[in-house]
Amino acid sequence: MRAAGFTGMDDAEVSADGWQVTDFADAGPRSMATLVQSTGTPAIVVSFLDSDVGFIEAAMPDGSSWEGLLNRDIAEDYEIPLEQFPIEPAVAGALAWAAAAGLTPDEEAVRQALTGSAQFAEELSSALLTALGLSAVG
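Nothing here was measured: the structure is a model prediction, and the numbers come from that model.

Parameters and conventions
Residues numbered from 1 in each chain as written. Predicted model: local features only at pLDDT ≥ 70, side-chain atom pairs only at ≥ 80, totals over all residues. Heavy atoms only, no water. Helix = DSSP H or I, 4+ residues; strand = E, 2+ residues; numbered from the N terminus. Buried < 20%, exposed > 50% of the residue type's maximum accessible area, 1.4 Å probe, protein only. Contact = heavy atoms within 4.5 Å. 1 Å grid on protein atoms, 1.4 Å probe; cavity = no way out; pocket = protein on both sides within 12 Å on 5 of 7 lines; lining within 4 Å. Points joined across faces, edges and corners; volume = space filled by probe spheres on them. Nonpolar A, V, L, I, M, F, W, Y, C, P; charged D, E, K, R; others polar. Salt bridge = Lys/Arg side-chain N within 4 Å of Asp/Glu carboxyl O.

Q: Just checking my understanding: could you explain the side chain of Ser125 for this structure?
A: With respect to the helices and strands, Ser125 occurs in helix 5 (residues 121-132). Looking at Ser125, the relative accessible area reads 8%, which means it is buried. Setting aside chain neighbours within four positions, we find Ser125 in contact with Val46, Phe48 and Leu70.

Following this line, the structure appears as structure tokens:
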């Protein structure tokens, strides 16, 4: 991840199915693409705005990607243009990403995570990762 431009990383935790999860301070504009290209594996990043809103970026080795937004109600309070993060393409992208990653996603749970509200966006991020078929870390 460092070579891809991620900085301020914590030690990675590994889930039961081998996925690695880590917190990081910052990433460059092409960090996600560089990470996926260098590892040849899918990746997903959620960046948080004050724990209120989550911005999702996911990419696959074939070059396809998708974006999403967590905590849309609060994002609207921040005047984030919701039309830049349409729900249906995000759901479709998430399902395709999960399938490409060899995971079994729950479409309704993905939709709920992408449209739901929570006190902290991290709660929705955890729900999304579970909905995508990623096992819990630890």
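Q: For this particular structure, what's the right way to read the environment of Asp50?
A: Position of Asp50 relative to the elements: it lies in the loop between strand 3 (43-49) and strand 4 (53-59). The class for Asp50 is exposed, based on a relative accessible area of 61%. In sequence terms Asp50 and Phe120 are 70 residues apart; their C-alpha atoms lie 8.8 Å from each other.

Q: What exactly am I supposed to notice about the layout of surface pockets here?
A: Any space left empty among the atoms is revealed by the rolling of a water-sized probe across them. Reported here for the largest pocket is a volume of approximately 1,300 Å³. Looking at the lining of the largest pocket, the elements with two or more residues in it are strand 2 (20-21), helix 1 (31-39), strand 3, strand 4 and helix 5. Counting residues per element, the lining of the largest pocket draws most heavily on strand 3, at six residues. Residues that form the lining of the largest pocket fall into these classes: 23 nonpolar, 13 polar and seven charged.

Q: Help me out: how do you make sense of the pattern of salt bridges in this one?
A: Side chains that carry opposite charge are capable of pairing whenever their charged atoms lie near each other. Under the counting rule described, the total for this entry stands at two salt bridges. Between Arg111 and Glu88 there is a salt bridge whose closest N-O contact spans 2.6 Å. Pair noted here: Arg111 is in helix 4 (residues 107-115) and Glu88 is in helix 3 (residues 87-100), with a separation of 23 residues, a long-range link. We classify Glu88 as partly exposed; its relative accessible area is 48%. Close ionic contact of Arg111 with Glu107 constitutes a salt bridge, the shortest N to O distance being 3.4 Å. Of the two residues, Arg111 and Glu107 are both situated in helix 4; the distance of four residues between them amounts to about one turn of the helix. Take Arg111: its relative accessible area is 21%, and that puts it in the partly exposed class.

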